[in-house]
Amino acid sequence: MRDIVAPESARFRHFTEVFAEVVGAAGYQQIIPPIMEDLGVFTRLGDATDIVTKEMYDFVDKGGRHVALRPEQTASVCRAYVELRPLTPWKTWYSGPNFRYEKPQRGRYRQFDQVGIEVLGADDPYLDVEVIALAWEFYRRLGLQQVALLVNSLGEPDDRARYVDALRRHFEAAGDALSEQSRETLNKNPLRVLDSKRREDAPIIAGAPTIDQFWSEEAAAHFATVRSGLDDLGIAFEVNMRLVRGLDYYRRTTFEFQGGTLDSAQNALGGGGRYDGLVEDLGGPPTAGIGFALGVDRTLLACSDEGVFGAPDDSVDVFVVDTTGGREALLITNELRAAGLSADRAFDNRSMKSQMKAADRSGATFAVIIGSDEVAAGTAVVRPMRGGDQVVVARAELLSDLKTRIP
Ligand code: AMP
């Protein structure tokens, strides 16, 4: 876990603001779920996933409840849906930290942030297109160029079950040629074997059956509409049959965004897909769901690699230099801030030279200088910090004068 300090922290905040703007403009409303949930909310994600079996920060609280820091937020949103029973489609967005006990490296942390959306209660393929298009638009707003969109369909739950059987037979037939790790994965979830990066597994995976052979007519039609909708919007994508999500509740559309500048093990910027069964597992009615989560930390790394989306300029408009003890600076900064200008000042009654250095460092556009002469005359000096002549203004007119100078 790490500290995120300025200017990176400003970039982080700005990232969420841009995301909120993009999805807010499409009618999504924010949900702020708690960071901790009953462990059961997450174990329903599937015991075969590393996220649940190995990576969860779970503990027993003082009341004897077994709780966990959330490893992701989809489950929390579904849990909230079951409790609140909102009108559907329920279009929500979220942002915030998640926790996974992973091996930390560049782009992989034990506390990491995600922004995401979830829509509950609509099964329309055009919703899948909307959801993907919003992530696409968000990347465009960030200025990211090297983003590849991969899409796939896992079919209906029955299609998927038949596919999993076929995969199991295929991998079992390979016997010891399959790596030991993959043989272990095979016992729990044959789909996950497709994710193996081990060299000995590559030819066996290459020969594995693909999901399209198992799509029902309905699933194939749904996916065809999704693809044509993406075409209609001019969104470039690649169909990748190996893109499977291990969790049992995923069905139909799944997608992933990959960054072009990151190591292949950490190149997923975000991903999502359709799911059902999760709301039901949490005690609600059968409900269609779709969403995505985008990793903030990793996407910002990709932005740095591409030299886009820097930190917003957070320097102040005015820095007040007061050599009379500091009370004037107190009054002036208070007046300017109340009027909507940003203003900073020095403390500890430092020398004029030291305060001017601080004014320089602050990046302020103007320094307002008050010494004993100015106090006696009822004036203030306004000095432009990036060239130009300083002027003396009446103290009573300082605010209105600065307002004409600062757009
Ligand atoms: P997931 O919830 O596993 O589908 O992950 C969605 C996105 O969250 C990924 O594409 C990453 O960008 C990000 N992510 C997941 N795990 C981590 C992590 N440990 N550290 C940083 N980012 C992560």
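Shown above is the structure to which this text applies.
Summary of the structure given here.

A separate point is the overall build of the protein. Broken down by element type, the protein carries 16 helices and 16 strands. Against the globule reference of 22 Å for 407 residues, the protein gives a C-alpha radius of gyration of 28 Å, more extended than a compact globule. A buried classification covers 51% of the 407 residues belonging to the protein. Mean positive and mean negative side-chain charge positions of the protein (47 and 61 charges, respectively) differ by 4 Å.

Another point: the sheet that holds strand β3 (residues 58–60). Taken together, three strands build an open sheet; the order of strands is β2-β4-β3 and the sheet is antiparallel. Single-partner strands in this sheet number two, and they are β2 (36–38) and β3. Direction aside, the axes of adjacent strands within the sheet are offset by 35° on average. With three bridges joining them, β2 and strand β4 (residues 66–69) adopt antiparallel strand pairing. Paired with Asp 38 across the bridge in β4 is Val 67.

This part is about the pairing of strand β10 (residues 268–275). Within β10, seven of the eight residues are buried, which leaves the element mostly enclosed by the surrounding structure. One ladder, built from seven bridges, connects strand β9 (residues 250–259) with β10; its direction is antiparallel. Counted as the bridge partner of Phe 255 is Gly 272 from β10. When β10 meets strand β11 (residues 289–295), the two strands line up antiparallel, connected through six bridges. Residue Gly 270 lies in a different strand from β11, and its bridge partner there is Leu 294.

The ligand sits among 14 residues. The nearest are Arg 100, Glu 102, Tyr 109, Gln 114 and Ala 268. Tyr 109 places a polar main-chain atom, nitrogen or oxygen, 2.8 Å from a nitrogen atom of the ligand. The separation between an oxygen atom of the ligand and a polar side-chain atom of Gln 114 is 2.9 Å. Compared with its free state, where it exposes 480 Å², the ligand has 87% of that area covered by protein. Secondary-structure elements contributing two or more residues to the shell around the ligand are β6 (111–120), β10 and β11. Ranked by the residues each element gives to the shell around the ligand, the list is headed by β10, at three residues. Classifying every residue of the shell around the ligand gives five nonpolar, four polar and five charged.

Looking now at a positive patch on the surface. A cluster of basic residues, Arg 350, Lys 353, Lys 357 and Arg 361, forms a positive patch on the protein surface. Structurally, the position occupied by Lys 357 is in helix α14 (residues 352–362). A residue is classified by how much of its surface remains accessible, and Lys 357, at 52% relative accessible area, is exposed.

The next subject is the sheet that holds strand β7 (residues 147–153). Across the sheet, eight strands lie side by side as β1-β5-β6-β11-β10-β9-β7-β8; this open sheet has mixed pairing. With partners counted over all chains shown, the strands left at the sheet margins are β1 (29–30) and β8 (238–239), one partner each. Lying on the sheet, helix α5 (residues 125–142) is in contact with β5 (90–99), β6, β7, β9, β10 and β11; it crosses β11 at an angle near 15°. Sheet strands in contact with helix α10 (residues 217–232) are β7, β8, β9 and β10, and its direction is about 160° off that of β7.

Let us look at the nonpolar core. Counting 86 residues, the largest nonpolar core has Phe 171 and Phe 257 as the members making the most contacts within it. For this core, the leading source of residues is α5, giving 10 residues. The next biggest cluster of nonpolar side chains, apart from the first, holds 17 residues, and it includes Ile 332, Leu 341, Phe 366 and Leu 402.

Moving on, we come to the pattern of salt bridges. Side-chain pairing between opposite charges can occur once the charged atoms of the two side chains come close. Applying the stated criterion across every chain, the model contains 26 salt bridges. With a shortest N-O distance of 3.4 Å, Arg 141 and Glu 21 are connected by a salt bridge. Of the two residues, Arg 141 is situated in helix α5 and Glu 21 in helix α1 (residues 8–24); the sequence distance between them amounts to 120 residues. We note a salt bridge from Glu 218 to Arg 252, for which the minimum N-O separation is 3.3 Å. Here the residue Glu 218 occupies a position in helix α10, and Arg 252 occupies one in strand β9, the gap between them amounting to 34 residues. Since its relative accessible area comes to 51%, Glu 218 is described here as exposed. What makes Arg 252 buried here is its relative accessible area of 4%. Connected via shared salt-bridge partners are Asp 123, Asp 128, Glu 156, Glu 218, Arg 251, Arg 252, Arg 274 and Asp 276.

The next thing to look at is the packing of aromatic side chains. For the coordinates displayed, the defined rule picks out 13 aromatic pairs. A ring pair is formed by Phe 15 and Phe 309, whose centres lie 6.3 Å apart and whose planes are at 80°; its orientation type is edge-to-face. Residue Phe 15 is located in helix α1, and its partner Phe 309 is located in the loop between α12 (296–306) and β12 (318–322); the two are separated by 294 residues in the primary sequence. Aromatic pair Phe 19 and Phe 138: ring centres 5.1 Å apart, planes at 85°, arrangement edge-to-face. On the criterion of sequence distance, the pair formed by Phe 19 in helix α1 and Phe 138 in helix α5 is long-range, its members being 119 residues apart. The exposure classification of Phe 19 matches that of Phe 138, with both residues buried. Here the aromatic residues Phe 15, Phe 19, Trp 93, Phe 138, Tyr 139, Phe 255, Phe 257, Phe 292 and Phe 309 are joined through ring pairs into a cluster of three or more. Seen from the ring of Tyr 109, Arg 2 lies directly overhead, with NZ or CZ sitting 4.2 Å from the centre.

Conventions adopted
- Residues numbered from 1 in each chain as written.
- Predicted model: local features only at pLDDT ≥ 70, side-chain atom pairs only at ≥ 80, totals over all residues.
- Heavy atoms only, no water.
- Helix = DSSP H or I, 4+ residues; strand = E, 2+ residues; numbered from the N terminus.
- Rg over C-alpha atoms; globule rule 2.2 N^0.38 Å.
- Buried < 20%, exposed > 50% of the residue type's maximum accessible area, 1.4 Å probe, protein only.
- Lys, Arg positive; Asp, Glu negative; His and termini not counted.
- Charge placed at Lys NZ, Arg CZ, Asp CG, Glu CD.
- Pairing = 2+ DSSP bridges.
- Axes fitted to C-alpha atoms, helices over the stretch in contact; angles between N-to-C directions.
- Near = heavy atom within 4 Å.
- Polar contact = N/O pair within 3.5 Å; in protein donor to acceptor, adjacent residues only side chain to side chain.
- Areas by Shrake-Rupley, 256 points an atom, 1.4 Å probe, with all protein chains shown as cover.
- Nonpolar A, V, L, I, M, F, W, Y, C, P; charged D, E, K, R; others polar.
- Patch = residues over 30% accessible without salt bridge, like charges linked within 9 Å, V, L, I, M, F, W, Y side chains within 5 Å.
- Salt bridge = Lys/Arg side-chain N within 4 Å of Asp/Glu carboxyl O.
- Contact = heavy atoms within 4.5 Å.
- Core = buried A, V, L, I, M, F, W, Y, C linked by side-chain atoms within 4.5 Å.
- Phe/Tyr/Trp six-rings, centres within 6.5 Å; stacked < 30°, edge-to-face > 60°.
- Lys NZ or Arg CZ within 6 Å of the ring centre and 35° of its normal.

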